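If you want the building blocks of each chain, they are given just below.
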Amino acid sequence: MTTASLIPLETALAHILEQAPPLNARERVPLSQALGRTLADAQRVPADVPPADNSAVDGYALRCADLAGNRPLPVSARIPAGTPAPALAPGTAARLFTGSELPVGADAVVMQEDVDIGAGEIRIKTTVCPGQNIRRRGQDLRRGDLALARGTRLRPQELGLLASMGIAEVPVLARPRVAVLTTGDELVEPGQPLAPGQIYNTNRFTLLGLLTQAGCEVTVCETLRDDRAATRTTLSRAAGSADLVLTSGGVSVGEEDHVRAVLEESGGLSLWRLAIKPGKPLAFGRVQDTPVLGLPGNPAAVLVTFLMVVMPFLRRCQGQPDPVQGERLPALFTVPSPSIRREFVRARKTLQDGRPQLEAYPNQSSGVLSSACWASGLAVVPEHGTVHPGDLLTYYSFAELLS
Ligand SMILES: Nc1nc2c(c(=O)[nH]1)N[C@H]1C(S)=C(S)[C@@H](COP(=O)(O)OP(=O)(O)OC[C@H]3O[C@@H](n4cnc5c(N)ncnc54)[C@H](O)[C@@H]3O)O[C@H]1N2
Ligand code: MOO
Ligand SMILES: [Mg+2]
């Protein structure tokens, strides 16, 4: 295959996303375990939130009509939060606190700072309007309304909202099951000594972190030797328990690259080599009907291809729209010669004279993962493009790409 046959990212994505299996399995989980999960059913409001009118301040509940003539009001009740409120006796005030239920008959609450407090009575120092400092029943959520739509990704604030409705357990989509296979005879796990020729397994940890943040369940996590038969057997076994098999390494052209070769020999390879940098030799195919995304071995290529290809795949499997928009920002760096590959530059959004601009990490080698730790996201240099300071580039923050 020549460089002329590199596949444009959009063409590759269209093919890969077409093959994304819809994942409809669901389960019920307690709210305490629902962070990051996707709602499988819409959630309606079972009862008004808050359930009763209540006070927004520490102060006194009263009836505005009783204030004519600026008479002092005897304090007839004390209503701490958490206790039922008695009706307000006519011509009196009730002592209450932020969150205390409003007594029937009261139509305003006055902050204690605006009150002169005497023996068993109060005199109001300010003007009082009906409704003042009252939080109305149902002001947050009204019974029967749609609180959260199906497909909502549950963030901390959604968990709080569900809790405010008294919901203890929610139906969520099952996590996508992903098998992770890192490949390479040179790989050693961190914590072990390095023999000559060896390096530490970096990609396993990058991938586990990315998959955790993406809300996936990792079903298999193994390191494969550079061996054709072992690659064939392990890919096949991993495919049996996963919705997606993710591999790193072994997809380029060397005779020690077995992942792409195994996909090819079984007739399962449907796409190979993208016009992107890093990430060129990405391979996509199937083993026993399970999709396999073969990411290149270089550590920065793993990160970039996960964000640009695996994330859209996972979103499509879960029926989620792709929310990634990016923003256009001026570059502070130069890319002097054009490439036939679209380049994803590890870049940092910084402020220069109060304006956001993009700086590039000086070493963009796909073997340099420090570039990604320094960066806040990826700046896109289009195919055949050059970059001069001030040129506008599309920029995606890592946070947006992982959302
Ligand atoms: N003759 C050619 N050689 C290469 C080409 C090419 O077009 N022609 N493409 C280059 C590009 S671009 C990439 S990207 C790499 C991809 O190679 P593979 O996917 O086959 O990956 P490996 O050869 O197995 O490893 C590449 C590199 O990454 C290191 N690696 C692999 N796995 C890990 C890991 N888990 N943790 C840390 N580092 C890892 C590995 O040691 C190699 O240095 O191919 C180029 N070559
Ligand atoms: O595509 Mo590779 O990741 O450039 O080195
Ligand atoms: Mg290789």
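None of the values given here were measured: they were computed from a predicted structure.

Now for the overall build of the protein. Along the backbone of the protein there are 8 helices and 26 strands. By its C-alpha atoms, the protein is 95 × 50 × 45 Å across when sized along the principal axes. A buried classification covers 47% of the 403 residues belonging to the protein. When contacts within the protein are restricted to residue pairs at least 6 apart in sequence, those whose partners lie at least 24 apart make up 69%. For the protein, the exposed area adds up to about 18,800 Å²; of that, 52% sits on carbon and sulfur atoms. Put simply, the protein has 39 plus and 40 minus side-chain charges, and the middle of one group is 3 Å from the middle of the other.

Another point: the domain arrangement of the protein. Each assigned domain of the protein is listed here: domain 1 (9-24 + 175-318), domain 2 (27-48 + 152-173), domain 3 (54-135) and domain 4 (327-402). Centre-to-centre separation of domain 2 and domain 3, based on C-alpha positions: 36 Å.

Relative to the helices and strands, Arg316 is located in helix α6 (residues 299-317). Expressed as a C-alpha distance, the spacing of Arg316 and Pro196, which sit 120 residues apart in the sequence, is 43 Å. Discounting residues that sit within four places of it in the chain, Arg316 has contacts with Leu17 and Ala20.

The environment of ligand 2 is formed by Pro278, Gly279, Lys280, Pro281, Asn298, Ala301, Arg341 and Ser366. A distance of 2.6 Å separates an oxygen atom of ligand 2 from a polar atom in the backbone of Gly279. Residue Ser366 places a side-chain N or O atom 2.4 Å away from an oxygen atom belonging to ligand 2. For the shell around ligand 2, the residue count by class is 3 nonpolar, 3 polar and 2 charged.

Take the pairing of strand β26 (residues 392-397) next. Alignment of strand β22 (residues 327-330) against β26, held across 4 bridges, turns out to be antiparallel. Along β26, the bridge assignment pairs Glu327 with Tyr395. Where strand β25 (residues 377-381) meets β26, 4 bridges bridge the pair, whose relative direction is antiparallel. Counted as the bridge partner of Val380 is Thr394 from β26.

Taken together, 21 residues form the shell around ligand 1, and within it Glu186, Asn201, Thr202, Ser252 and Lys280 come nearest. A distance of 3.3 Å is found between a nitrogen atom of ligand 1 and a side-chain nitrogen or oxygen belonging to Asn203. One nitrogen or oxygen atom from the main chain of Gly250 is found 3.1 Å from an oxygen atom belonging to ligand 1. For ligand 1, whose accessible area on its own is 870 Å², the fraction buried by protein is 70%. In the shell around ligand 1, the residues fall into 8 nonpolar, 10 polar and 3 charged.

So, about unusual backbone geometry. Cis geometry is found at the peptide bond from Val49 to Pro50, where omega equals -5 degrees. Within the secondary structure layout, Pro50 lies in the loop between β2 (43-44) and β3 (54-55). Positive phi values are uncommon outside glycine, yet Asn70 reaches one of about 50 degrees. Summarising the element assignment, Asn70 is placed in the loop between β4 (59-62) and β5 (73-79). A residue is classified by how much of its surface remains accessible, and Asn70, at 42% relative accessible area, is partly exposed. The backbone of Gln288 shows a phi angle near 45 degrees, a positive value even though the residue is not glycine. Secondary-structure assignment places Gln288 in the loop between β20 (283-287) and β21 (290-295). Residue class for Gln288 comes out exposed when judged on its relative accessible area of 51%.

On to the packing of helix α3 (residues 203-213) against α6. The contact between α3 and α6 brings their axes to 11 Å, and the two run at 30 degrees. Classified by the angle their axes make, α3 and α6 are roughly parallel. In this structure, α3 crosses over α6, and the sense of that crossing is right-handed. Residue-level contacts link Asn203, Thr206, Leu207, Leu210 and Leu211 of α3 to Pro299, Val302, Leu303, Phe306, Leu307 and Leu314 of α6. Of the residues belonging to the contact of α3 with α6, the class tally is 9 nonpolar, 2 polar and no charged.

Here the structure, examined in full by the defined rule, presents 2 aromatic pairs. In this structure, Arg260 packs its charged tip against the face of Trp272, placed 4.3 Å from the ring centre. Note that Arg273 overlies the ring of Trp272, its terminal NZ or CZ placed 5.3 Å from the centroid.

Let us now look at the UniProt feature "domain: MoaB/Mog" (unreviewed entry) in the protein. Within this numbering scheme, the UniProt entry marks residues 179-316 as carrying the feature "domain: MoaB/Mog" (unreviewed entry). The annotated region residues 179-316 carries 36% helix and 28% strand content, and the separation between its end C-alpha atoms amounts to 18 Å.

Attention shifts here to the coordination of the magnesium ion (ligand 3). Every protein donor of the magnesium ion (ligand 3) is accounted for by Asp257 (OD) and Asp257 (OD), and the metal-donor separations fall at 2.3 to 2.6 Å. Position of Asp257 relative to the elements: it lies in the loop between β17 (244-248) and α5 (259-265).

Reading guide: rules and limits
Residues numbered from 1 in each chain as written. Chains lettered and ligands numbered in written order. Predicted model: local features only at pLDDT ≥ 70, side-chain atom pairs only at ≥ 80, totals over all residues. Heavy atoms only, no water. Helix = DSSP H or I, 4+ residues; strand = E, 2+ residues; numbered from the N terminus. Buried < 20%, exposed > 50% of the residue type's maximum accessible area, 1.4 Å probe, protein only. Contact = heavy atoms within 4.5 Å. Areas by Shrake-Rupley, 256 points an atom, 1.4 Å probe, with all protein chains shown as cover. Lys, Arg positive; Asp, Glu negative; His and termini not counted. Charge placed at Lys NZ, Arg CZ, Asp CG, Glu CD. Domains from an automatic or database assignment. Near = heavy atom within 4 Å. Polar contact = N/O pair within 3.5 Å; in protein donor to acceptor, adjacent residues only side chain to side chain. Nonpolar A, V, L, I, M, F, W, Y, C, P; charged D, E, K, R; others polar. Pairing = 2+ DSSP bridges. Axes fitted to C-alpha atoms, helices over the stretch in contact; angles between N-to-C directions. Parallel < 35°, antiparallel > 145°, perpendicular 65-115°, else oblique. Left-handed = near helix turned anticlockwise from the far one by under 90°. Phe/Tyr/Trp six-rings, centres within 6.5 Å; stacked < 30°, edge-to-face > 60°. Lys NZ or Arg CZ within 6 Å of the ring centre and 35° of its normal. UniProt positions renumbered as here; feature names shortened; annotations may be inferred. Donors = N, O, S within 2.8 Å, 3.2 Å for Na, K, Ca; no water.

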